[in-house]
There are 2 protein chains.
Amino acid sequence: MRYSADHKAQTHDRIVKEAAARFRRDGIAATGLQPLMKALGLTHGGFYAHFKSKDDLVETALLSATEELTQVCEKAFANPQPLHSFIDTYLSPTHRDSPERGCPLPTMAAELGQRGQPSPITDQGVEDRLARLAAALHNAPNADEQSVVMLSTLVGALLLSRSVQDPQLSLRILDTARKALKQQADDVL
Amino acid sequence: MRYSADHKAQTHDRIVKEAAARFRRDGIAATGLQPLMKALGLTHGGFYAHFKSKDDLVETALLSATEELTQVCEKAFANPQPLHSFIDTYLSPTHRDSPERGCPLPTMAAELGQRGQPSPITDQGVEDRLARLAAALHNAPNADEQSVVMLSTLVGALLLSRSVQDPQLSLRILDTARKALKQQADDVL
DNA sequence: TGTACATCAGTGAACGCGCGTTCACTGATGTAC
DNA sequence: TGTACATCAGTGAACGCGCGTTCACTGATGTAC
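Residues numbered from 1 in each chain as written. Chains lettered and ligands numbered in written order. Predicted model: local features only at pLDDT ≥ 70, side-chain atom pairs only at ≥ 80, totals over all residues. Heavy atoms only, no water.

1. Regarding the relation of the copies chain B and chain A
Here chain B sits on chain A after a turn of 180° about the axis and a move of 0.0 Å along it, with an RMSD of 0.0 Å. Within this description, the copies of the chain are treated as partners about a two-fold rotation axis. When you check the interface residues of chain B against chain A, 100% turn up at the interface there too, and the contact is symmetric in its surfaces. (Least-squares fit on C-alpha atoms with pLDDT ≥ 70 in both. Contact = heavy atoms within 4.5 Å.)

This is the structure we're talking about:
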């Protein structure tokens, strides 16, 4: 059944988007290609018309997720108080409860590190994020160092808030980290 | 082949220790029971003489890892400058390169959160760690908040330093976070 | 414009593999007499 | 002290399952005449 010119590109994109969501929500190992294709109304055999292997999809999906996230971040950075706005978004209960649409670092960094040959997206992603934070700090004298600490705290706090069962403790982690980071940002600027 | 009185307890302990190491190094899903038992010179069938299921082992191994880690932490806290000593240990290249003997949070928090029914060890572990940090801060007025930020930064920085490929960037994350946290500790005290 | 053909995205059965788990068994050692 | 028996930690084949991957195929549509 031959389809219109851009049909394949559209399907390709649907697979990438769905995979990017599942990888972040469930992890790479726990995401099966069969259920993934089924969720899109397709059969698993067709997968290999789009990707060389699961690893190929992982790389493509992670790039897509990173790119998508950069745009979400830029939206926050476009607000009047860019850093405050970004910190509020990153450490919001919404972000905590929607890993499938959020930052890949807290969900996938550990698994990517454990895999045999991790893709360079982590390095590039971390460097980009650090550079973006440093820029938002208006390149203050110690902006480079502050950005490393900030990113670590952001990722760590979100990870902890997600792994804890007690809703009160989870919220306490988010709120405390959010408040402290905004204070820290003000001190630097 | 009947063994001496405490032989079974010893084998049980060996399985727990090996599992605690593998779960932290490779993740839970990637750790097979067959390879695990083989590494101990046993066959996989005997596993069920010791544990009800893999989940049972996961719970036991995580408790063991947490307990073991608490002792390592206390060693650091026993030094002249307890907080500095602890921060130096946690964010050392040694800890980064030995996840199998280190803190379970950076390696396993994401996977535990993604599992269906995570054990309460995360909550208890996080609370314990927070309380220990607050105590080390001599219960300064905002020690409760500082401890949350500290733990987030510790976990986040270690996670990032592990997931990055570039050794220079990895070391930069560790060094920067270590320096900033020690400064932060001094400010509070 | 109408027909024959080529294309190729998607189908679905099949593959080998390792997983967690089960189970009938073995056989060295502690215990009972 | 010597012998018969019970115990039970560990053995290893087998189970069903879902995984990633392969492949001969289908059939609607674009293209050539």
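2. Focus on the environment of L174(B)
All names here are of chain B. In this structure, L174 sits in helix α9 (residues 167-188). Between the C-alpha atoms of L174 and Q124, which are 50 residues apart in sequence, the distance is 26 Å. Leaving out residues up to four positions away in the same chain, L174 has contacts with L91, S92, P93, R96, L158 and S161. (Helix = DSSP H or I, 4+ residues; strand = E, 2+ residues; numbered from the N terminus.)

3. A closer look at the pattern of salt bridges
Taken as a whole and judged by the stated rule, the model has 22 salt bridges over all chains. Across the pair E145(B) and K179(A) runs a salt bridge whose closest N-O atoms are separated by 3.5 Å. You can see E145(B) sitting in helix α8 (residues 143-163) and its partner K179(A) sitting in helix α9 (residues 167-188), one on each of two chains. With a relative accessible area of 37%, E145(B) lands in the partly exposed category. (Salt bridge = Lys/Arg side-chain N within 4 Å of Asp/Glu carboxyl O. Buried < 20%, exposed > 50% of the residue type's maximum accessible area, 1.4 Å probe, protein only.)

4. Considerations on the packing of aromatic side chains
Two aromatic rings are characterised by how far apart their centres lie and by the angle between their planes. Residue and element names in this part refer to chain A. This model, assessed by the stated rule, comprises 8 aromatic pairs over all chains. With a centroid separation of 5.9 Å and 50° between ring planes, the pair formed by F86 and Y90 is classed as tilted. Placement of both F86 and Y90 in helix α4 (residues 82-90) is noted, with a separation of 4 residues, approximately one turn of the helix. You can call F86 buried: its relative accessible area is 6%. For Y90, a relative accessible area of 4% translates into the label buried. Aromatic rings pair up to connect F47, Y48 and F51 into one cluster. Here the basic side chain of R132 rests over the ring of F77, its NZ or CZ set 4.0 Å away from the ring centre. (Phe/Tyr/Trp six-rings, centres within 6.5 Å; stacked < 30°, edge-to-face > 60°. Lys NZ or Arg CZ within 6 Å of the ring centre and 35° of its normal.)

5. So, the interface of chain B and chain A
Listed by partner, the interface residues are 39 residues for chain B and 39 residues for chain A. Taking both sides of the interface into account, the surface hidden between chain B and chain A amounts to around 3,300 Å²; carbon and sulfur atoms contribute 66%. Broken down residue by residue, the surface that chain B buries against chain A is led by Q114(B), D123(B) and L160(B), which jointly contribute 16%. Where chain B meets chain A, there are 2 salt bridges. In this assembly, chain B and chain A are joined by 5 residue pairs in polar contact (both at pLDDT 80 or more). Sorting the residues of the side of chain B that touches chain A by element identifies α1 (7-26), α6 (104-114), α7 (121-136), α8 and α9 of chain B as the ones contributing at least two each. (Buried area = accessible area lost by both parts, 1.4 Å probe. Polar contact = N/O pair within 3.5 Å; in protein donor to acceptor, adjacent residues only side chain to side chain.)

6. A few points about the nonpolar core
Ranked by internal contacts, the top residues of the largest apolar core, which has 76 residues, are L91(A), V126(A), L91(B) and V126(B). Those residues in contact with V126(A), other than ones at most four positions away along the chain, are L105(A), I121(A), L151(A), L160(B), V164(B), L169(B) and I173(B). (Core = buried A, V, L, I, M, F, W, Y, C linked by side-chain atoms within 4.5 Å.)

7. Details of helix α8 (residues 143-163) of chain A
The terminal C-alpha atoms of α8(A) lie 30 Å apart, and with 21 residues this matches the ideal 30 Å at 1.5 Å per residue to within 8%. α8(A) sits mainly inside the fold: 19 of its 21 residues count as buried. (Expected span 1.5 Å × (residues − 1).)

8. Thoughts on the packing of α4(A) against α8(A)
All names here are of chain A. Between α4 and α8, the shortest axis-to-axis distance is 10 Å and the interhelical angle comes to 25°. Here α4 lies roughly parallel to α8, going by the angle between them. The segment α4 lies against α8, with L83, F86, I87 and Y90 engaging M150, L154, V155 and L158. The class makeup of the residues in the contact of α4 with α8 is 8 nonpolar, no polar and no charged. (Axes fitted to C-alpha atoms, helices over the stretch in contact; angles between N-to-C directions. Parallel < 35°, antiparallel > 145°, perpendicular 65-115°, else oblique. Nonpolar A, V, L, I, M, F, W, Y, C, P; charged D, E, K, R; others polar.)

9. Description of the environment of M150(B)
Residues and elements named next belong to chain B. By the element assignment, M150 lies in helix α8. Classification of M150 by relative accessible area gives buried; the value is 1%. It is 8.7 Å that separates the C-alpha atoms of M150 and L130, two residues lying 20 residues apart in sequence. Excluding residues within four positions of it along the chain, M150 makes contact with L83, I87, L133, L137, L181, Q184 and A185.

So yeah, pure geometry; function would need other evidence.
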